[in-house]
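Summary of the model geometry
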Amino acid sequence: MFLLRKTFYMALGAKVLSLVHFIGGIVSLGLQAVVLIPARPLGGGRIFEQAKKVGVDSLPIVALVSFFIGVILALQTAYIMQKMSSEIYIASIVAVSLTRELGPVITALIVAGRSGAGITAELGTMAVTEQVDALVTLGSNPIKYLVVPRFLSMTFMLPVLTLFANAIGIFGGYLIGVYHLSIRSSLYMNMTFGTLVYKDLFTGLVKTIVFGMIIALVACYEGLNVRGGAEGVGKATTMSVVNTFIMIIAADCFFTALFYFFVK
Amino acid sequence: MAMIELIDVSKNLGGKQVLDHMSLTVEEGETKVIIGRSGVGKSVTLKHIVRLLEPDEGSVRVEGRDVLALHGRELNELHMEIGLVFQGGALFDSLTVGENVGFILREHMNMAQSEIDKRVKESLALVGLYDVELYMPADLSGGMKKRVALARAICTRPKIILYDEPTTGVDPITADAINQLIDELHDKLKVTSIVVTHDMRSAYKVADRIAMLYEGKIIAEGTPDEIRYSHNPYVHQFITGAAHGPITDGQNSVSTNAG
């Protein structure tokens, strides 16, 4: 019994240590990336290229999913609201849910699964084929060359994508409200934009900036620390997506509580 | 003055003592070949010279400068002076051949594009490649990748070139062509070179001196002929490629000269 307990505590200790090591690694990578942003060469072309990969190339899937989320949200809300003859509030519920919560989180999860996994696989392959070492021997800092463009583009493009996702989701809800539930178009629009306040949009966008940083840093950290060939790249990619998802939901919970209690 | 000095370098990687108080000196203009079995620490030795790895103990000196004391711009300058040719080429997949070769010029030197293009062409010509600037690395054969990697390494006209298994994974004819290239570059660019290999044909062809690494130490060193006719049983087993002998039997009587 004593041995079993000892083994349990040792395993728990190892997990806690590995978590501290992981968080420390992410924070350290983030700080190094921020310090290296102004270092020359600035690498504008690389930032632009990454912004296209993360932003423009993700737009179709973000648009599709957020449209469906808007439709689903409107239909699910209608299920309850019709019982209370309050269909008119569907517009407000869809708008507020999307801008405050679903838009930022769903967009972040899509981008983490699509671009975050891609970044880990790309950097991981570079690490195992010695391309990262080659960068160092060619006088370039891998954090400046590889991490900074991805960090900046993810941090700036995720809020932009979220704005698109919000708009398209609201449009999905609008179609259900107007064409299925026969709510007048002008009334639906009034209920949508009349309810939304600056704080709704602000809180949602602040979260996405943090989500963007999390996606980029976790993806780069996992990629640059790949060991063990193709199998290592596969494992790192899986860990990158899993860890990013957990950190996004945890950060979302933290910010939601923060805004609920402190931003009136 | 020695160009490269590794003094009493020890390195433990993942619990394995890869280098154990290993010392090695390479004189200016010399081509030194390090031979040894796979996993014996040959590539680890090269990585210490460009500070991709730092020793647990000992010191590494290049042209008298302590590599571990270099930071920032000084370390970048060291990297400009050393060209490292990686085993698999380590070409950047997302860049064309021309962009790979001219990488360091574009990123770190204030050169006009036309000047960079000219230097890239010259470097590719030195390794016998013409009109391949727009190819992607994925479109190249193994031998061509090695040549492009070599062209990238010599683009800054370094004083030192380090080759990590330059002939591994290519056919014998390409291997011989690469050996010839190493010789030609040595003559044309007057560089100091270290070639890490377990290909004895290559070692005899390019070396001024050969050093054998075994169990973290240099156990024998000499000219190609001294190594070829060495009585050291470890060296003998390695150069003859015998399946049985002291290396595989794990015997311990290691002498420290080529004998």
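Basis of the calculations
- Residues numbered from 1 in each chain as written.
- Chains lettered and ligands numbered in written order.
- Predicted model: local features only at pLDDT ≥ 70, side-chain atom pairs only at ≥ 80, totals over all residues.
- Helix = DSSP H or I, 4+ residues; strand = E, 2+ residues; numbered from the N terminus.
- Rg over C-alpha atoms; globule rule 2.2 N^0.38 Å.
- Contact = placed C-beta atoms within 7 Å.
- Buried ≥ 20, exposed ≤ 12 C-beta atoms within 10 Å, placed from the backbone.
- Pairing = 2+ DSSP bridges.
- Axes fitted to C-alpha atoms, helices over the stretch in contact; angles between N-to-C directions.
- Nonpolar A, V, L, I, M, F, W, Y, C, P; charged D, E, K, R; others polar.
- Parallel < 35°, antiparallel > 145°, perpendicular 65-115°, else oblique.
- Left-handed = near helix turned anticlockwise from the far one by under 90°.
- Expected span 1.5 Å × (residues − 1).
- Arc of directions from axis to C-beta.

Here we take up the overall build of chain B. Looking only at helices and strands, one finds 11 helices and 10 strands in chain B. What you see for chain B is a C-alpha radius of gyration of 18 Å, in line with the 18 Å of a compact globule of 259 residues. Sequence-distant contacts, at least 24 apart, represent 67% of the contacts inside chain B between residues at least 6 apart.

For chain A, the count of helices and strands is 9 helices and 0 strands. Seen in sequence order, chain A has helices and strands lined up from the N terminus as α-α-α-α-α-α-α-α-α. C-alpha atoms of chain A, sized along the principal axes, occupy 65 × 60 × 35 Å. The 264 residues of chain A split such that 41% are buried. Counted over contacts in chain A with a minimum sequence separation of 6, partners at least 24 positions apart contribute 89%.

Looking now at the sheet that holds strand S7 (residues 160-164) of chain B. All names here are of chain B. Reading across the sheet, the 6 strands line up as S6-S7-S8-S3-S9-S10 and stay open at both edges, with mixed pairing between neighbours. Bordering the open sheet on either side are strand S6 (82-85) and strand S10 (217-222), each of which pairs with just one other strand. The mean inter-strand angle of the sheet, taken between neighbouring strand axes irrespective of direction, is 15°. Bridge analysis of strand S3 (residues 31-35) against strand S9 (residues 209-214) gives 4 bridges, and the strand direction is parallel.

The next thing to look at is the interface of chain A and chain B. The interface of chain A with chain B comprises 11 residues on the first partner and 14 residues on the second. In terms of residue class, the side of chain A that touches chain B is made up of 4 nonpolar, 5 polar and 2 charged.

What follows concerns the packing of helix H2 (residues 44-54) of chain A against helix H6 (residues 142-180) of chain A. Residue and element names in this part refer to chain A. The geometry of H2 relative to H6 is characterised by a closest axis approach of 8 Å and an angle of 50° between their N-to-C directions. Classed by the angle they form, the pair H2 and H6 counts as oblique. Helix-helix and strand crossings are classified by hand; for H2 and H6 the assignment is right-handed. Facing H2, whose interface residues are Arg46, Ile47, Gln50, Ala51 and Val54, H6 presents Pro149, Arg150, Leu152, Ser153, Met154, Phe156 and Met157. Its residues assigned to classes, the contact of H2 with H6 comprises 8 nonpolar, 2 polar and 2 charged.

The next point concerns the pairing of strand S2 (residues 16-27) of chain B. Residues and elements named next belong to chain B. As judged from the 8 bridges shared by strand S1 (residues 2-13) and S2, these two strands associate in the antiparallel manner. If you follow asparagine 12 over to S2, its bridge partner there is glutamine 17. What sits between the antiparallel neighbours S1 and S2 is a turn of 2 residues, in which glycine 14 has the positive phi angle 55°.

This part is about helix H5 (residues 113-126) of chain B. All names here are of chain B. The terminal C-alpha atoms of H5, which comprises 14 residues, lie 20 Å apart, in line with the 20 Å expected from a rise of 1.5 Å per residue. Those residues of H5 lying buried are Ile116, Val120, Ser123 and Leu124. Across the axial projection of H5, the buried residues extend over an arc of 95°, all falling on one side. When the buried face of H5 is taken as reference, the exposed residues oriented beyond 90 degrees from it are Ser114 and Ala125.

What follows is about the environment of glutamate 115 of chain B. All names here are of chain B. Within the secondary structure, glutamate 115 is located in helix H5. Look at glutamate 115 and you get partly exposed, because 13 C-beta atoms sit within 10 Å. Through-space distance from the C-alpha of glutamate 115 to that of leucine 105 is 9.4 Å; in sequence the pair is 10 residues apart.

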